[in-house]
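# Working through the structure, step by step
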Amino acid sequence: MEIGHMSSLKFYICNCFTTDNIFLEDYKIHVRFLSEQQFRLDYQTVSGCQLISQEVDRRRHLGVTSAERAAAIKDTYQPLHPHVYHLQESYLAPKFKQIVEYCRSSDISEEGLRDLLQEEAAPRVYRFPVFEKSFCEELVEELEHFEQSSAPKGRPNTMNHYGILLNELGFDEGFLTPLRELYLHPLASLLYPDCGGRGLDSHKAFVVKYDMNEDLELSYHYDNAEVTLNVSLGKDFTEGNLYFGDMRQVPLSETECSEVEHRVTEGLLHRGQHMHGALPISSGQRWNLIIWMRASHERNQLCPMCNRRPTLVEGEGFADGFTKHTEAPLNHLCVLT
């Protein structure tokens, strides 16, 4: 069965996107850049104003350049596996479909759901199979085919240098939106009702690649999301586990981190504001699908990236998940606490 749907809501970005949370690889920190004078005063031991200014300028024009890339990809790129762009139930692991079906049932219980999920050592981090192995292999083949093509490409963020923005490649409407709405939303509604899980109405999805000659690891950070799904797609790799600390409000000095293993075809579901990172791989190559799921009724009140009420700016597609609607969605599902 093939399914697809697209939201009619208008989405925006917060004005802080252009100036806040700029990651500096050499220093392993995120900085804010309003002006050269402000930057030198706030970060006296940090150099590289020119590069940071270039990043601010890139972000300022990102909506236009991303739309241009998407149009060029649509016009020129010939997919290797066109069918992977449209979600089909046969791509999903039977256990995942069983979990979702249970979440949709009328007699759900905390004990019953926990019997179906594997909770990791890190609190409220859940593991479950998401895709069939054959689908993961075909998806990675498609991504490699695109990576090797002459089509224009944009990197996912300032922390990941190697990866693919899936909205630009055309995955949103036929694959990612139905995956979020029909399969991930019922689960997140029950597991994370206190941090937007009931009202996930947009997403940003991308793949990241770790390779011995490219990115090896990912520094400690939190996501621009209410709920995140991280699925290991392949290929063959050793080590490179995720590690989780506490929520972003807790200093690292007061945090004890827990390691969580990556397993191909399986996903890790966690709160977006849960601090985490990825340890370096020691051999091979790893591809991960990352879905940042957003709840506008949460972030419309407080931007998770600048901790202020958002100042909205026009954006493309799902943008950063903000809307001009403030009402919370109705939820008719049982809440798992």
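Residues numbered from 1 in each chain as written. Predicted model: local features only at pLDDT ≥ 70, side-chain atom pairs only at ≥ 80, totals over all residues. Heavy atoms only, no water.

With an unreviewed UniProt entry as reference, the chain is termed 2-oxoglutarate and iron-dependent oxygenase domain containing 2, source organism Sander lucioperca.

The subject of this paragraph is the overall build of the chain. In terms of helices and strands, the chain carries nine helices and 16 strands. Relative to the 2.2 N^0.38 estimate, which gives 20 Å for 337 residues, the radius of gyration of the chain is 19 Å and therefore close to what a compact globule would have. For the chain, the spread of C-alpha atoms along the three principal axes comes to 60 × 45 × 45 Å. Burial analysis of the chain (337 residues in total) assigns 53% to the buried set. Within the chain, counting contacts between residues at least 6 apart in sequence, those at least 24 apart form 79% of the total. (Helix = DSSP H or I, 4+ residues; strand = E, 2+ residues; numbered from the N terminus. Rg over C-alpha atoms; globule rule 2.2 N^0.38 Å. Buried < 20%, exposed > 50% of the residue type's maximum accessible area, 1.4 Å probe, protein only. Contact = heavy atoms within 4.5 Å.)

To continue, consider the sheet that holds strand 8 (residues 218-221). In a beta sheet, neighbouring strands are held together by backbone hydrogen bonds and run either parallel or antiparallel to one another. Pairing is antiparallel in the open sheet, where four strands are placed in the order 8-14-11-12. Whereas interior strands pair on both sides, the edge strands pair on one side only; in this sheet they are strand 8 and strand 12 (258-260). Taking each pair of neighbouring strands and ignoring which way they run, the sheet shows an average axis angle of 25 degrees. One ladder, built from two bridges, connects strand 8 with strand 14 (residues 274-278); its direction is antiparallel. Note that in strand 14 the partner of His221 across the bridge is His276. (Pairing = 2+ DSSP bridges. Axes fitted to C-alpha atoms, helices over the stretch in contact; angles between N-to-C directions.)

In terms of nonpolar packing, the biggest core is built from 55 residues, with Phe96, Phe131, Leu179 and Leu233 touching the most fellow members. When residues of this core are assigned to their parent elements, the largest contribution, nine residues, is made by helix 8 (residues 172-191). Discounting chain neighbours no more than four positions away, the residues touching Leu233 are Phe131, Cys136, Leu139, Val140, Leu143, Val207, Val264, Trp287, Asn288 and Leu289. Counting 16 residues, the second-largest nonpolar core is a separate cluster that includes Val208, Tyr210, Leu242 and Phe244. (Core = buried A, V, L, I, M, F, W, Y, C linked by side-chain atoms within 4.5 Å.)

Let us now look at helix 4 (residues 94-104). Among the residues of helix 4, those classed as buried are Phe96, Ile99, Val100 and Cys103. The arc that holds every buried residue of helix 4, seen down its axis, measures 95 degrees, which confines them to one face. Contacts from the buried residues of helix 4 go to helix 5 (110-116), strand 5 (126-129) and helix 8. (Arc of directions from axis to C-beta.)

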